[in-house]
Amino acid sequence: MWQTCLGSGATGGGTGSGFDSARGFLLARTSPMSQVRVRFAPSPTGFFHIGSARTALFNWLYARHTGGTFILRIEDTDQARNSEEFLRLIYDSLTWLGMDWDEGPNPNGVGERGAFGPYRQSQRAHIYKEYLQKLLAAGRAYEKDGAIWFKMLGERYKVFDDHRKKEVEKVKCDPVVIDDQIRGRVERQEDEDFVIFRSDGNPVFHFVNVVDDITMQVSHIIRGEDHLSNTSKHVRLYEGFGVTPPVFAHIPLILKSPEMGQGKMSKRDKGALIEEYQQRHFLPEALVNYLALLGWNPGDDREKMTVAEIVQLFDLPAVNQSNAKFDGKKLAYLNMVYLLEQPTEKFVALAKDYFAKIPAGAAALANEAYFREIMTLAQPKIKSVDELGAYTGYFFSDDFPVDAKVKDKVMAKGDPKTRLTELIAALSAMDFSTDATVEAGIKTLAEGKGLGFGDYQAVARLAVTGTNAGPSITAIFRVLGKDRVASRLQKLLASG
RNA sequence: GCCCCUAUCGUCUAGCGGCUAGGACAGGAGAUUCUCAUUCUUCAAACCGGGGUUCGAUUCCCCGUGGGGGCACCA
């Protein structure tokens, strides 16, 4: 069965012909009860970035959508660049984003689960040897220069390759046909033997990838478009093993935003690392929502969706074919939308987590009830949790920064010093028990002078917060209490 | 250089032969609120070019061009 290089093995599940209606019939193929097995196979050689996260997400979504199995496989064959720290980061990031895996190493790094292990390539050497033997026995592999090569089938001829500046041996062969779930029919010529075991005895990526996918019975390979060109090699390997290749789905890549420059997003670009969002206390559901929207849409105008909704609506043929540029602004927007609708409890917990990690945090967390009160005021006003420190600093310390520009502006308008003096004088008679009583107090004062609430608001705010932004001034007064308000008003008055 | 993928506002996208080309983010202008943010209203903003096919192309085909990826004893 592997005598042929005529490549129609790539039709995978073998559904019908007619490629012109490919996207139509592919849709019908993804029925909910199928035995879908997908995998995410990162290598722990660097930080976990946006692109990897989205590849993982699309696999996870597809598994959950179809009721299939999501496998985590660790491609840790690169001894030099591997690290346990990066491995940990993969587990943590996936977990943080809510992508649970059915098979693979356990999230705590101890042991693994699933019937197709081991799930770390570093422990699968014996399997690779065994599969190499199959190829050798079938005459589909041979040794040359100390390495082992996969043998293509067909008539051989030599040609001078002017890119590599040397004569190479090519094989006359029909092109490989890939029936891609996202791209439709893709044809690619694979016409040279290639190395599958290096002379140092280690198998190369193409080989282990295919062997693992065969032995783990992976049904759908969902991966970045950068692998599309590799797919022809992989298909030939499947044929070499006498195995029908899985269904392929090559998803578009994430490119740099225009401000970042050209090309695909790399780990070095700002905003490229999942860890960064975790540290900034972004909401994982916002990030998942955003990532899902990069290259996919539900077919209508819906953008903000719960994970459950996305799982329900997601499907491979609906994935776009063109690359998408990363837009941090839109992600920030989504994060804000999610933040606004968090239950108070959840928001306070998030805030605690955040303050626990910043220098000024201890002071902020000293009084639980007071902290809660302030976070409740801040939640509807901020866009991300990491603004909280700057946004609420004046509640926790008398030594807060004063915005010079705001001060100049406020102090130049009307007669702020007189207003300050009047406020200080009126303070002792004011009732600070609720926002409404504070408001009534200021209004009474203003009316008595023939002025409005607004004539006192700006200067009072400057005095107690050092800026022109924040929750309502009445709430700030109440929470701060008369003593602190009085001393801050006086301080501003004295400062000129 | 060769191969593969791709192409609608600045960005993410809807559109699957006939539409005033829709939505969202970002940007502009207003409104509301004690400030700020939110919210609301509103404005500006796109079918890469050239050939076909068709009564009719953003849509289908071809060729350019642009963008992306791949061409290893890396993964």
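The shown structure was predicted, so the numbers you read here are calculated from the model rather than taken from an experiment.

1. Overview of the packing of helix H4 (residues 125–137) against helix H6 (residues 231–241)
Move 1: Between H4 and H6, whose axes approach to 9 Å, the crossing angle comes to 75°. The orientation of H4 with respect to H6, classified from their angle, is roughly perpendicular. Of the residues in H6, those touching H4 at Tyr131, Lys134 and Leu135 are Leu237, Gly240 and Phe241.
Move 2: For the contact of H4 with H6, a count of residues per class yields four nonpolar, one polar and one charged.

2. Focus on the packing of H4 against helix H5 (residues 205–215)
Move 1: Direction vectors running N to C along H4 and H5 enclose 95°, while the axes themselves pass 10 Å from each other. Judged by the inter-axis angle, H4 sits roughly perpendicular to H5. Here Ile127, Tyr128, Tyr131, Leu132 and Leu135 of H4 come into contact with H5, specifically with Phe207, Val208, Val211, Asp212, Ile214 and Thr215.
Move 2: Among the residues forming the contact of H4 with H5, the class breakdown is nine nonpolar, one polar and one charged.

3. Observations concerning the environment of Val177
Move 1: Among the structural elements, Val177 can be located in strand E9 (residues 176–180).
Move 2: Take Val177: its relative accessible area is 12%, and that puts it in the buried class.
Move 3: Along the backbone, Val177 and Ser232 are 55 residues apart, and their C-alpha atoms lie at a distance of 7.8 Å.

4. A word on the protein's contact with RNA strand B
Move 1: The environment of RNA strand B is formed by 61 residues, the closest being Arg183, Arg198, Lys381, Asn468 and Ser472.
Move 2: At a separation of 3.4 Å, a base nitrogen of RNA strand B approaches a polar side-chain atom of Asn230.
Move 3: Elements that contribute at least two residues to the surface near RNA strand B include exactly strand E10 (184–188), H5, strand E15 (324–325), helix H10 (328–340), helix H18 (454–465) and helix H19 (473–480).
Move 4: For the surface near RNA strand B, the element with the most residues is H10, which contributes five residues.
Move 5: Looking at the surface near RNA strand B residue by residue, the classes come out as 20 nonpolar, 20 polar and 21 charged.

5. Some words on helix H17 (residues 435–448)
For an α-helix the count is 3.6 residues per turn, leaving residues at separations of three or four pointing the same way.
Move 1: The terminal C-alpha atoms of H17, which comprises 14 residues, lie 20 Å apart, in line with the 20 Å expected from a rise of 1.5 Å per residue.
Move 2: When we look at burial in H17, the residues that qualify are Val438, Gly441, Ile442, Leu445 and Ala446. When H17 is viewed along its axis, its buried side chains cluster within an angular range of 130° and face the same direction. Every exposed residue of H17 that faces more than 90 degrees away from the buried side is listed here: Ala436, Thr444, Glu447 and Gly448.
Move 3: Where H17 is buried, its residues meet helix H16 (416–427), H18 and H19.

6. Some thoughts on the domain arrangement of chain A
Move 1: When cut into domains, chain A gives domain 1 (9–13 + 32–254), domain 2 (274–340), domain 3 (344–393) and domain 4 (404–495).
Move 2: The centre of domain 1, based on its C-alpha atoms, is set 27 Å off from the matching centre of domain 2.
Move 3: Taken together, the contact between domain 1 and domain 2 spans 28 residues of the former and 29 residues of the latter.
Move 4: Carbon and sulfur atoms make up 72% of the surface buried where domain 1 meets domain 2, a total of about 2600 Å² over both sides.
Move 5: The largest share of the area that domain 1 buries against domain 2 comes from Ile50, His65 and Trp96, three residues that together contribute 25% of it.
Move 6: At the surface where domain 1 touches domain 2, the tally comes to zero salt bridges.
Move 7: For the side of domain 1 that touches domain 2, the secondary structure elements donating two or more residues are helix H2 (50–66), helix H3 (84–96), strand E12 (220–224) and strand E13 (247–251).
Move 8: Among the elements that line the side of domain 1 that touches domain 2, the one with the most residues is H2, at ten residues.
Move 9: Across the side of domain 1 that touches domain 2, the residue classes break down as 19 nonpolar, five polar and four charged.

7. Notes on helix H20 (residues 482–495)
Move 1: The end-to-end C-alpha separation of H20 is 20 Å, in line with the 20 Å expected for 14 residues at 1.5 Å each.
Move 2: Listed as buried for H20 are Val485, Ala486, Arg488, Leu489 and Leu492.
Move 3: Buried-residue contacts for H20 involve helix H14 (388–396), helix H15 (404–411), H16, H18 and H19.

8. Digging into the side chain of Arg419
Move 1: Mapped onto the fold, Arg419 is located in helix H16.
Move 2: By relative accessible area, which is 14% here, Arg419 ends up buried.

9. Some details on the nonpolar core
Move 1: Counting 108 residues, the largest nonpolar core has Met375, Leu388 and Phe395 as its most contacted members.
Move 2: Tallying contributions element by element places H2 first for this core, with nine residues.
Move 3: Once residues within four sequence positions are removed from consideration, Phe395 is found in contact with Tyr370, Ile374, Leu377, Ile476, Val479, Leu480 and Arg484.
Move 4: Grouped together as the second largest cluster of nonpolar side chains are 33 residues, Met152, Ile178, Phe194 and Phe248 included.

10. Focus: the sheet that holds strand E6 (residues 147–150)
Strands belonging to one sheet form pairs held by backbone hydrogen bonds; the direction of such a pair is parallel or antiparallel.
Move 1: Pairing is antiparallel in the open sheet, where three strands are placed in the order E5-E6-E11. Looking at the sheet topology across the chains shown, the edges are occupied by strand E5 (141–144) and strand E11 (194–197). Going from strand to strand, the sheet's axes swing by 45° on average, the running direction of each strand aside.
Move 2: Where E5 and E6 come together, four bridges link them in antiparallel fashion. By the bridge assignment for E6, Glu143 is matched with Ile148.
Move 3: The strands touched by H4 are E5, E6 and E11; relative to E11, the strand with the most contacts, the crossing angle is about 135°.

11. Some words on unusual backbone geometry
Move 1: With omega at -5°, the peptide bond leading from Gly117 into Pro118 counts as cis.
Move 2: By the element assignment, Pro118 lies in the loop between strand E4 (112–113) and H4.
Move 3: A positive phi is found at Asp145, a non-glycine position, where the angle reads about 55°.
Move 4: With respect to the secondary-structure elements, Asp145 resides in the loop between E5 and E6.
Move 5: The phi dihedral of Gln217 is positive, around 55°, even though this residue is not glycine.
Move 6: Residue classification places Gln217 among the partly exposed positions, given a relative accessible area of 49%.

Reading the values: rules and limits
Residues numbered from 1 in each chain as written. Chains lettered and ligands numbered in written order. Predicted model: local features only at pLDDT ≥ 70, side-chain atom pairs only at ≥ 80, totals over all residues. Heavy atoms only, no water. Axes fitted to C-alpha atoms, helices over the stretch in contact; angles between N-to-C directions. Helix = DSSP H or I, 4+ residues; strand = E, 2+ residues; numbered from the N terminus. Parallel < 35°, antiparallel > 145°, perpendicular 65-115°, else oblique. Contact = heavy atoms within 4.5 Å. Nonpolar A, V, L, I, M, F, W, Y, C, P; charged D, E, K, R; others polar. Buried < 20%, exposed > 50% of the residue type's maximum accessible area, 1.4 Å probe, protein only. Near = heavy atom within 4 Å. Polar contact = N/O pair within 3.5 Å; in protein donor to acceptor, adjacent residues only side chain to side chain. Expected span 1.5 Å × (residues − 1). Arc of directions from axis to C-beta. Domains from an automatic or database assignment. Buried area = accessible area lost by both parts, 1.4 Å probe. Salt bridge = Lys/Arg side-chain N within 4 Å of Asp/Glu carboxyl O. Core = buried A, V, L, I, M, F, W, Y, C linked by side-chain atoms within 4.5 Å. Pairing = 2+ DSSP bridges.

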